[in-house]
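Residue strings, one per chain:
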Amino acid sequence: MSNFLNDNPDLLFTLNNLKLQEVVQLKEKNYSESAKFDTAPENYEDAVDGYRRVLDVIGEIAGERIAPRSRQVDEDGPHFENGKVTYHPLTVQNLEDLSKAGVMGVILPREYGGLNFPSTIYTMMTEMVSRADASLQNLFGLQDIAETISSFGSEEQRKKYLPRFCTGEADGAMDLTEPDSGSDLQSVRLKATQDENGQWYLDGMKRFITNGCAKIHLVLARSEAGTTDGRGLSMFICERTPDLVVRRIEHKLGIHGVATAELQYNHVPAELCGQRRYGLTRYVMSLMNGARVAISAQALGIAEAAFREARKYASEREQFKQSIDRFPAIYDMLARMKAGLAASRALLYETTTAVDLRNCYDEIMTRGTKEEITQEVREKARYYKEVAAVLTPMSKALSTETANKICYDCIQIHGGTGYMHDFDAERYYRDVRITNIYEGTTQLQVVAAIGGVKKRVLDKEIQSLFAAIPETGSIGELRKILSGMYAKHLEAVHFLVEKKDVTDQPLHELRARNLVENETFVFVGLLMLRSALQDPVREPLAEQYVRDASFDFERNWNIVMNGGTSVIEKHRQVIDY
Amino acid sequence: MNHKIIVFVKQVPDTKNVTGQAMKPDGTINRAALPAIFNPEDLNALELALELKDRYQATVTVAAMGLPAAAAILRDSLCRGADEAVLLTDRALGGSDTLATSFALSRLAKTIGGYDLILCGRQAIDGDTAQVGPQIAEKLNLPQISYVQEVQDYTEKSIRAKRAIEGGYEILEAPLPVLMTVVDANEPRPQNAHRILKFRKAKTPSEVVAACGGDAAAAAPEIEKLRSRGLLIRELGAKDAVPEDEFGRLGLAGSPTKVKQIMSVVLTAGEFKKIEPTADGVSALVHELIEDHTLG
């Protein structure tokens, strides 16, 4: 019996040390929901017991059912003929299993058939599903679309669409990217026009749309004729019709199980979702933030699978009369992989906790009564919004880049065998490669995070983490390394912030990544130390991470402080030689 | 028409995950060394019942005989979609062999009543006898279809099922009520999150009492609360299901099977003997088996 929750000590540690008291109390309206719904918890312990039991079932489905099907799904992929996408029968079975398990509306409110779970718990499911079959996550994770309708749609739209998602009857797609608008979504051109009765219609093209064959689409379109920037864009909901044509599906490097489609809109009727002109600036940003958390978890799940393959292979493969995991070059790789995995997970669930808090306070701000919106609520809403806005891109950058490295090393440890199609190593390597590209490249995550780094949004969190870690003993030694890094980091941030001349702009853009990475090293280092305090068995893991990070930190710091600017001046000569 | 289906399920030691000493010196199973699980083919039987519930109108009652801890598989069944659960538990039932078990379950079926279909797994992994289902049918005087893979039709009066036979399958039709034993031919649905959140709290009265340290008076309000929420698992003792004059047929007293000796058998290829499928051939074989004490 393979259960992707119970066989994973790091994930269990995370689950056992959740700090969701405030979140659950808010989500459950001080546990008054239990009077209305027999599925609602009566107190925090009751809530966590429910989460654990549901996660246990998803862990079993992932380990026992989805994972064994994943190789065939990757091999065959979906089928496309006459404009119709047919998913692989095993993908269909996977979705049926998850629908029967009742987890297609995990974060949606109960009145629409959802489970009303925190994002943190949903993210744990995402991680386990991705470990079993990365491509399935792209279908399972489309619940974020329903969440967007839940957050910004009208009551009528919530009633109309959400129950269909929850039962698994309807699936979703978010149609943002166009041939000429990838990272630069402000330039989206798909046209939204209204007839004399106020009915909206969509005309144009979308490209690289994950699950573009979905029944329900959220579409970013230009509703304000004559505009060219993000403020002329609105969000629309439309249903699949014959006028919404799937022109082709892509042949991709990885995540073969899910169809990525090119769509043509031939005057497709649509409903406006939320307010006009807020499409990109508010709704898509929110949607993308949710999706970024999901992709962090997807990357983490793939990395977990890759690490396990590498570890297993290294312990079984013998060369020079011993298993290869006895060689320093190999165990060094494995130790870094494991530390990277634990670090990514620590940051991811710290992020989801902030995201959950932000969502709860956001909900009160948008739907609460005047009495509920106190000064304290306002401040917390603002604070967690800022924290989540830094942590989300930091987490995505860390998880996806680390996962890429882990999958790369997984093949390396397999040697020539890993290059062959017969082993899963090459599939993980192909699947993981998209994670640091879609929902915003790592380069764009840096852009999203750097503002908060310069504004020192995380200082309060960092200081309270430092305060909780003793200065003595072996953990104190590691704390000393981190506090040295923190002081230098603040110095480097200050150094750049003070460069205010307009000609310094390229330097700011160039060094943003170094600063964001160093912020991550310090913050995640502290999270790792905190977890070592909670469970001493984790101390070597924390030490591995902190010591590795300290060397990478120094490199970044040196580049910022002493790196010079030659690439800005001379890149043309270098590139064009 | 609203069908009523009873599914008999059993909690068994997980013989695939043996930790420590699985057998006691007396040849009985050391349950403490083995994790307790839902007998796999009983899950197939439950899945078939739930599929029938999806396709036709039916209520599904899951029933088990066993230790108080067997309530765990009843909760599991409720989380997968069963409508109600009944546990028959009593010291008087301890040590039952297939004869005593099937007798007790036949009386339990009568007590539950109103059924037109009884489903059992083909066999349990702790004994592999495949006798209990057919014996229940005999005792209830019901037609039976064993080794069922799927049901093709389920009307007001009859059922048509496909059953596995050596080298193929056959399709049988039987009048209701009927008993069927089910093989591993479907994929049991997972527990459903919404149902988990509700039914994880379902308990038998004795579980509630045990949680209150054995204080029945203290447990009463909680039992009432569970009952009012539909979360009380019905619990019956031997007296609730079996007339007192039949008590001799229960438990150890009602079980003629005795374990004489157990040994680990390593199978190797040996001689074989062809038996003609005639009355004489079978009779000669039976004599031979009696002589070497395999039978009798």
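Residues numbered from 1 in each chain as written. Chains lettered and ligands numbered in written order. Predicted model: local features only at pLDDT ≥ 70, side-chain atom pairs only at ≥ 80, totals over all residues.

Q: Pulling in residues and values, what's your account of the overall build of chain A?
A: In terms of regular secondary structure, chain A is built from 19 helices and 11 strands. Computed over C-alpha atoms, the radius of gyration of chain A comes to 24 Å, within 12% of the 25 Å expected from 2.2 N^0.38 for 577 residues, which places it in the range of a compact globule. C-alpha atoms of chain A, sized along the principal axes, occupy 70 × 65 × 60 Å. Looking at the 577 residues of chain A, the share that counts as buried comes to 51%. Of the contacts made within chain A by residues no fewer than 6 positions apart, 76% connect residues no fewer than 24 positions apart. (Helix = DSSP H or I, 4+ residues; strand = E, 2+ residues; numbered from the N terminus. Rg over C-alpha atoms; globule rule 2.2 N^0.38 Å. Buried ≥ 20, exposed ≤ 12 C-beta atoms within 10 Å, placed from the backbone. Contact = placed C-beta atoms within 7 Å.)

Q: Residues and numbers for the overall build of chain B, please.
A: Scanning chain B from N- to C-terminus turns up 9 helices and 11 strands. By the compact-globule yardstick of 19 Å for 296 residues, chain B fits well, its C-alpha radius of gyration being 21 Å. Across its three principal axes, chain B shows a C-alpha extent of roughly 65 × 50 × 40 Å. When the 296 residues of chain B are sorted by exposure, 41% land in the buried category. Long-range contacts, defined as pairs at least 24 residues apart, comprise 68% of the intrachain contacts of chain B with a sequence gap of at least 6.

Q: Quick one: what's the story with helix α9 (residues 279–291) of chain B, residue by residue and with numbers?
A: With 13 residues, α9(B) should reach 18 Å at 1.5 Å per residue; the first-to-last C-alpha distance of 18 Å fits that figure. With respect to burial, α9(B) is a largely exposed element, only 0 of its 13 residues being buried. (Expected span 1.5 Å × (residues − 1).)

Q: I'd like a rundown of the sheet that holds strand β5 (residues 84–88) of chain B, residues and numbers included.
A: All names here are of chain B. A sheet is described by the order of its strands in space; here 9 strands give the open sequence β9-β8-β7-β10-β6-β1-β4-β5-β11, paired in mixed fashion. A single partner strand is all that each edge strand has here, and the edge strands are β9 (168–175) and β11 (234–236). Averaged over all pairs of adjacent strands, the angle between strand axes in this sheet comes to 30°, irrespective of strand direction. As judged from the 5 bridges shared by strand β7 (residues 144–154) and strand β8 (residues 158–165), these two strands associate in the antiparallel manner. Directly across from V148, in β8, lies its bridge partner R163. Sheet strands in contact with helix α1 (residues 40–55) are β1 (3–9), β4 (58–65), β6 (117–121), β7 and β10 (178–182), and its direction is about 150° off that of β6. (Pairing = 2+ DSSP bridges. Axes fitted to C-alpha atoms, helices over the stretch in contact; angles between N-to-C directions.)

Q: Which residues make up the pairing of strand β3 (residues 172–175) of chain A, and what values do they have?
A: Residue and element names in this part refer to chain A. What you see with β3 is no split at all: G172 and M174 on one side and A173 and D175 on the other are buried throughout. Direction of pairing for β3 relative to strand β6 (residues 216–222): parallel, over a ladder of 4 bridges. Within the sheet, the bridge partner assigned to G172 lies in β6 and is I216.

Q: Help me get a handle on unusual backbone geometry, residues and values and all.
A: Each neighbour pair has its own omega, and for B:L176 with B:P177 the value is -5°, a cis peptide bond. Tracing the sequence through the fold places B:P177 in the loop between β9 and β10. One non-glycine residue with positive phi stands out, namely A:Y31, at about 65°. Within the element layout of this structure, A:Y31 appears in the loop between α2 (21–27) and α3 (33–36). Of note, the phi angle at A:E439 is positive, near 55°, even though the residue is not glycine.

Q: Explain the nonpolar core to me, and be specific about the residues and the numbers.
A: Membership of the largest hydrophobic core comes to 250 residues, with the highest contact counts inside it found for A:F236, A:A306, A:M528, B:V7 and B:L119. Residue contributions to this core reach at least three from each of two domains, namely domain 1 (172–278) and domain 2 (460–576) of chain A. Beyond its immediate stretch of four places on either side in the chain, A:M528 contacts A:A342, A:A343, A:A346, A:L541, A:A542, A:Y545 and A:V546. (Core = buried A, V, L, I, M, F, W, Y, C linked by C-beta atoms within 7 Å. Domains from an automatic or database assignment.)

Q: I'd like to hear about the interface of chain A and chain B, residue by residue, with values.
A: Contacts between the two partners involve 13 residues from chain A and, on the opposite side, 11 residues from chain B. Among the elements of the structure, α4 (44–76) and α5 (89–100) of chain A are those that each provide at least two residues to the side of chain A that touches chain B. Class assignment for the residues of the side of chain A that touches chain B results in 6 nonpolar, 3 polar and 4 charged. (Nonpolar A, V, L, I, M, F, W, Y, C, P; charged D, E, K, R; others polar.)

Q: Which residues make up the domain arrangement of chain A, and what values go with them?
A: Taken as a whole, chain A is organised into domain 1 (172–278) and domain 2 (460–576). In this structure, domain 1 of chain A and domain 2 of chain A have C-alpha centres spaced 40 Å apart.

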